[in-house]
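Okay, here's what each chain looks like letter by letter:
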Amino acid sequence: MSAAKQGGRGAAPSPVVNIALSKGRIIEEGLPLLARAGITPSEDPARSRKLILDTNLPDVKLTIIRAADVPTYVRFGAADLGVAGKDVLMEYEGDGLYELMDLGIARCRLMVAEPAGLAARDDPKSWTRVRVATKYVNISRRHFAAKGIQTDIIKLYGSMELAPLVGLSERIVDLVSTGNTLKANGLVEVEHVADISAWLVANKAAMKMKRDAVKAVVDRIAAALG
Ligand code: PRT
Ligand code: MG
């Protein structure tokens, strides 16, 4: 007789652990890491239109969502674990997440940038008030406030590099990795805000309620990092 028919005695089935991650950079750099952790999706996330993917492990699934939504899914337990850029985590307003480990992937830096012509005669140390276009409203406000600089922030959802070209703002706060996008648009980095990489985050309740199952996945990933 099976354990279930015996009235639930015997080992309970292992709960499913959902890992939220986004298409693009995070999944491109995250999949090789997951593979080293012994976790491989059963179909190619880049091609599949499925939002929840099975993996080779029966109790691990991948949930594919927008990068900026990862903290929300994990916070509310819609995913137990998630992979999110530190930029997204710093900008996120909720709490209720554990930042477990730096995965060292999708590395870049968050910078203040401005047109090269302006930078030639500008000194960030002399700033008292700046107008910046950015999608990182909270991070920017905190960054400048800590330096006693007043800010006028223009919230954008993408292509921040365009803002100085069209007179929306002289300066932007944006991610830079190779620097090619800034260069192509005549912009230069003038101030460092933060070094960024993707982190593994966890839902606080899942760390207690599904402890063994979540820990098994976290341990695999930690081992893959070496
Ligand atoms: O693109 P989409 O609107 O779908 O969402 P998203 O921009 O949130 O996702 P995605 O996949 O572009 O970025 C996910 C995460 O990757 C970010 O949250 C960062 O943590 C990380 N990351 C690492 C980057 C970059 N490097 C990066 N270079 N995210 C964006 N960029 C952009 C940057 O904003 C700029 O437009 O790339 C451009 C600059 O690149 P370089 O190489 O020209 O300097
Ligand atoms: Mg993007």
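Above: the structure in question.
Owing to the predicted nature of the structure, the values given are computational and were not obtained by experimental measurement. (Residues numbered from 1 in each chain as written. Chains lettered and ligands numbered in written order. Predicted model: local features only at pLDDT ≥ 70, side-chain atom pairs only at ≥ 80, totals over all residues. Heavy atoms only, no water.)

## Here's the deal with the sheet that holds strand E2 (residues 52-54)
Quick note on the threshold: In short, DSSP must find at least two bridges between two strands for them to pair. Secondary structure elements follow DSSP: runs of H or I of four or more residues count as helices, runs of E of two or more count as strands, with numbering from the N terminus. To define axes, lines are fitted to C-alpha atoms, for helices over the stretch in contact only, and angles between the resulting N-to-C directions are given on a 0 to 180 degree scale. Here a residue-residue contact requires only that any non-hydrogen atoms of the pair lie within 4.5 Å.
Taken in spatial order, the nine strands of this open sheet run E2-E3-E1-E4-E9-E5-E8-E6-E7, and their pairing is mixed. Bordering the open sheet on either side are E2 and strand E7 (150-155), each of which pairs with just one other strand. Each strand of the sheet is rotated relative to its neighbour by a mean of 25 degrees, with strand direction disregarded. The pairing of E2 with strand E3 (residues 60-64) spans three bridges and is antiparallel. Each bridged residue has a counterpart across the sheet, and for Ile52 the counterpart in E3 is Thr63. Those strands touched by helix H1 (residues 25-36) are strand E1 (17-21), E3, strand E4 (81-85), strand E5 (97-115) and strand E9 (187-203), and its axis lies near 145 degrees from that of E5. Contacts between helix H5 (residues 137-146) and the sheet are confined to E5, strand E6 (129-134), E7, strand E8 (171-176) and E9, with E7 contributing the most and set at about 170 degrees to the helix.

## Details of the packing of aromatic side chains
Basically, it comes down to this: The aromatic pairing rule takes the rings of Phe, Tyr and Trp, using the six-membered ring of Trp, and pairs them if the centres are within 6.5 Å, calling planes under 30 degrees apart stacked, those over 60 edge-to-face and the rest tilted. Working definition: with a 1.4 Å probe on protein chains only, accessible area under 20% of the residue-type maximum means buried, over 50% means exposed, and in between means partly exposed.
Tallied over the full model, the rule gives one aromatic pair. Relative to Phe144, the ring of Trp127 has its centre 6.2 Å away and its plane inclined at 55 degrees; by these criteria the two rings are tilted. Linking Trp127 in the loop between helix H4 (116-119) and E6 with Phe144 in helix H5, this pair joins segments that are 17 residues apart in sequence. Under the relative-accessibility criterion, Phe144 is labelled buried at 0%.

## Some remarks on the site of ligand 1
As a reminder, the rule being used: If a single non-hydrogen atom of a residue is within 4 Å of a molecule or strand, that residue counts as near it. Polar contacts, as counted here, are pairs of nitrogen or oxygen atoms within 3.5 Å of one another; within protein the pair requires one atom able to donate a hydrogen and one able to accept it, and residues that are adjacent in sequence qualify only if both atoms are side-chain atoms. Under the convention used here, a 1.4 Å probe and the Shrake-Rupley method define accessible areas, while residue burial counts only the protein chains that appear. A cavity here means a set of 1 Å grid points, computed over protein atoms only, where a 1.4 Å probe fits but cannot escape. A pocket is an open set with protein on both sides within 12 Å along at least 5 of 7 lines, and lining residues have an atom within 4 Å of a point. Just a note on the criterion: a molecule sits in a pocket or cavity if more than half of its atoms are within 2 Å of the grid points. Under the convention adopted here, Pro, Cys and the residues Ala, Val, Leu, Ile, Met, Phe, Trp and Tyr are nonpolar, Asp, Glu, Lys and Arg are charged, and Gly plus all remaining residues are polar. Each domain's limits were defined by an automated method or a database of domain assignments.
Around ligand 1, the surrounding shell holds 22 residues, and the nearest of these are Asp87, Ser177, Thr178, Gly179 and Thr181. Thr181 places a polar side-chain atom, nitrogen or oxygen, 2.5 Å from an oxygen atom of ligand 1. Contact with the protein chains covers 76% of the free accessible surface of ligand 1, which is 810 Å². In this structure, ligand 1 is accommodated by the largest pocket. Looking at the shell around ligand 1, the elements that each hand over two or more residues are H1, helix H3 (86-91), E5, E8 and helix H6 (180-184). Each residue belonging to the shell around ligand 1 can be placed in one class, and the counts come to eight nonpolar, six polar and eight charged. Two domains each donate at least three residues to the shell around ligand 1, and these are domain 1 (15-106 + 197-225) and domain 2 (108-195).

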